[in-house]
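# Coordinate inspection notes
Chain by chain, the residues run as shown.
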Amino acid sequence: MLLSRQLATKKAKGKGQSQAKVNINAALVEDIINLEETSEDMQAVIEALKEDFNRNLNVRTSPGALDHITVMTKDGKFPLNQLGQISQKSPQLMIVNMISFPESTAAAAKAIRESGMNLNPEVDGTVIRVPVPKVTREHRESLAKLAKQSTNKSKEALRKVRSKSITQVKKFKNKVSEDTIWLLEKQIQQMADEAAMEMDKLLAAKTKELLG
């Protein structure tokens, strides 16, 4: 009952304030759910979005942008940089040397073409030439659209974290008070809303950077 009273006081204070923030002491509810773990899972989604923006969505394509393109080979999926040597021959041309895995050259070229980075690779034996796209308005708008798509995917991943956590809380609805369940659900939703707001800020900043 102590737990219920400690949590319920927060609900009482919040009555009439639909936007009142809940701030539950994670230690009090650790037998029901690990809120720190939920927070870490949500933060991991945000960090993955940041990494995607930094690695794949730049106005000028650099060799590093190709590193983690996933190539489907007969032996499974591999990052491009594990199969080929990636280098920048000139500001307008990148080279992927597939001499170590020549049998995967065609698959690597296909992965580059389908990466969503507006690249049109040309195969010459075991060498893949990747012309760097000119920085046109159309290219900038295409990247901004990809940033929006990435953000939407991340928000979907965020919703899955939230749903998983709320499902975990509901398993205890017959063991703890209704107030406790209500407050925990509100806390989890609040955490998800804050994470989504951070994603929106990242998207706004990235869109501004891309469109110039």
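Preceding this section is the structure that the text describes.
A short tour of the structure in this document, coming up.

Calculation notes
- Residues numbered from 1 in each chain as written.
- Predicted model: local features only at pLDDT ≥ 70, side-chain atom pairs only at ≥ 80, totals over all residues.
- Heavy atoms only, no water.
- Phe/Tyr/Trp six-rings, centres within 6.5 Å; stacked < 30°, edge-to-face > 60°.
- Lys NZ or Arg CZ within 6 Å of the ring centre and 35° of its normal.
- Pairing = 2+ DSSP bridges.
- Helix = DSSP H or I, 4+ residues; strand = E, 2+ residues; numbered from the N terminus.
- Axes fitted to C-alpha atoms, helices over the stretch in contact; angles between N-to-C directions.
- Contact = heavy atoms within 4.5 Å.
- 1 Å grid on protein atoms, 1.4 Å probe; cavity = no way out; pocket = protein on both sides within 12 Å on 5 of 7 lines; lining within 4 Å.
- Points joined across faces, edges and corners; volume = space filled by probe spheres on them.
- Patch = residues over 30% accessible without salt bridge, like charges linked within 9 Å, V, L, I, M, F, W, Y side chains within 5 Å.
- Areas by Shrake-Rupley, 256 points an atom, 1.4 Å probe, with all protein chains shown as cover.
- Salt bridge = Lys/Arg side-chain N within 4 Å of Asp/Glu carboxyl O.
- Lys, Arg positive; Asp, Glu negative; His and termini not counted.
- Charge placed at Lys NZ, Arg CZ, Asp CG, Glu CD.
- Buried < 20%, exposed > 50% of the residue type's maximum accessible area, 1.4 Å probe, protein only.
- Polar contact = N/O pair within 3.5 Å; in protein donor to acceptor, adjacent residues only side chain to side chain.
- Nonpolar A, V, L, I, M, F, W, Y, C, P; charged D, E, K, R; others polar.
- Arc of directions from axis to C-beta.
- Expected span 1.5 Å × (residues − 1).

The next subject is the packing of aromatic side chains. Working definition: an aromatic ring pair is given by the centre-to-centre distance plus the angle between the planes. Across all of its chains, the model carries zero aromatic pairs by this definition. One cation-aromatic arrangement involves lysine 175 over phenylalanine 172; the distance from NZ or CZ to the ring centre is 5.2 Å.

This part takes up the sheet that holds strand 6 (residues 127–131). Taken in spatial order, the four strands line up as 3-4-6-5 in an open sheet, and their pairing is antiparallel. Looking along the sheet, the strands with just one partner apiece sit at the ends: strand 3 (85–90) and strand 5 (122–124). Each adjacent strand pair in this sheet contributes to an overall mean axis angle of 25 degrees, direction not counted. When strand 3 meets strand 4 (residues 93–97), the two strands line up antiparallel, connected through five bridges. Across the sheet, residue glutamine 85 finds its bridge partner in strand 4, namely asparagine 97. In the packing of helix 5 (residues 105–113) onto the sheet, contacts are made with strand 4, strand 5 and strand 6, and the angle to strand 6 comes to roughly 15 degrees.

Now for empty space enclosed by the protein. Remark: the empty space left among the atoms is shown by a probe the size of a water molecule rolled over them. Taken as a whole, this structure holds one cavity of 30 Å³ or more when the rule is applied. As a volume, the largest cavity reaches approximately 50 Å³. Every residue along the wall of the largest cavity is listed here: Arg55, Asn56, Asn58, Arg60, Thr61, Ser62, Ala65, Met117, His139 and Leu143. Listing elements by their share of the lining of the largest cavity, those giving two or more residues are helix 2 (35–56) and helix 6 (137–170).

The next point concerns a negative patch on the surface. A cluster of acidic side chains, namely Glu30, Asp31, Glu36, Glu37, Glu40 and Asp41, defines a negative patch on the protein surface. A residue is classified by how much of its surface remains accessible, and glutamate 40, at 52% relative accessible area, is exposed.

This brings us to the pattern of salt bridges. According to the stated counting rule, one finds eight salt bridges in the structure shown. Lysine 50 serves as the salt-bridge partner of glutamate 47, at 3.4 Å between the closest nitrogen and oxygen. Residue glutamate 47 and its partner lysine 50 are located together in helix 2, separated by three residues, close to a single helical turn.

Turning next to the side chain of threonine 180. Within the secondary structure, threonine 180 is located in helix 7 (residues 178–211). Of the polar contacts made by the side chain of threonine 180, one reaches the side chain of serine 177; its length is 2.8 Å.

So, on to the side chain of lysine 206. Structurally, lysine 206 can be placed in helix 7. Taking the relative accessible area as the measure of exposure, lysine 206 reaches 5% and is therefore buried. Other than its neighbours up to four places away in sequence, lysine 206 contacts Phe53, Leu57, Asn58 and Ala147.

Further remarks concern the layout of surface pockets. Volume-wise, the largest pocket comes out at about 470 Å³. Taken together, 18 residues line the largest pocket, and the ones lying closest to its centre are Asp52, Asn56, Ser115, Ser150 and Lys153. Elements supplying a minimum of two residues to the lining of the largest pocket: helix 2 and helix 6. Looking at the lining of the largest pocket, its residues break down into seven nonpolar, eight polar and three charged.

Time to look at helix 5. All of the buried residues in helix 5 are Thr105, Ala108, Ala109, Ala111 and Ile112. Along the long axis of helix 5, the arc covered by the buried residues comes to 160 degrees, so they all point the same way. The inward-facing, buried residues of helix 5 contact strand 1 (70–73), helix 4 (80–83), strand 4, strand 5 and strand 6.

Another point: helix 2. Structural remark: α-helix, 3.6 residues per turn; residues separated by three or four positions point the same way. Here helix 2 is 22 residues long and its end C-alpha atoms lie 32 Å apart, about the 32 Å a rise of 1.5 Å per residue gives. Of all the positions in helix 2, only Leu35, Thr38, Met42, Val45, Ile46, Leu49 and Phe53 are classed as buried. Down the axis of helix 2, the buried side of the element spans an arc of 95 degrees, and every buried residue falls inside it. Pointing more than 90 degrees away from the buried face of helix 2 are the exposed residues Glu36, Glu40 and Asn54. On its buried face, helix 2 is in contact with helix 6 and helix 7. For helix 2, the side-chain oxygen to backbone nitrogen distance between the N-cap and glutamate 36 is 3.1 Å, and the N-cap itself is asparagine 34.

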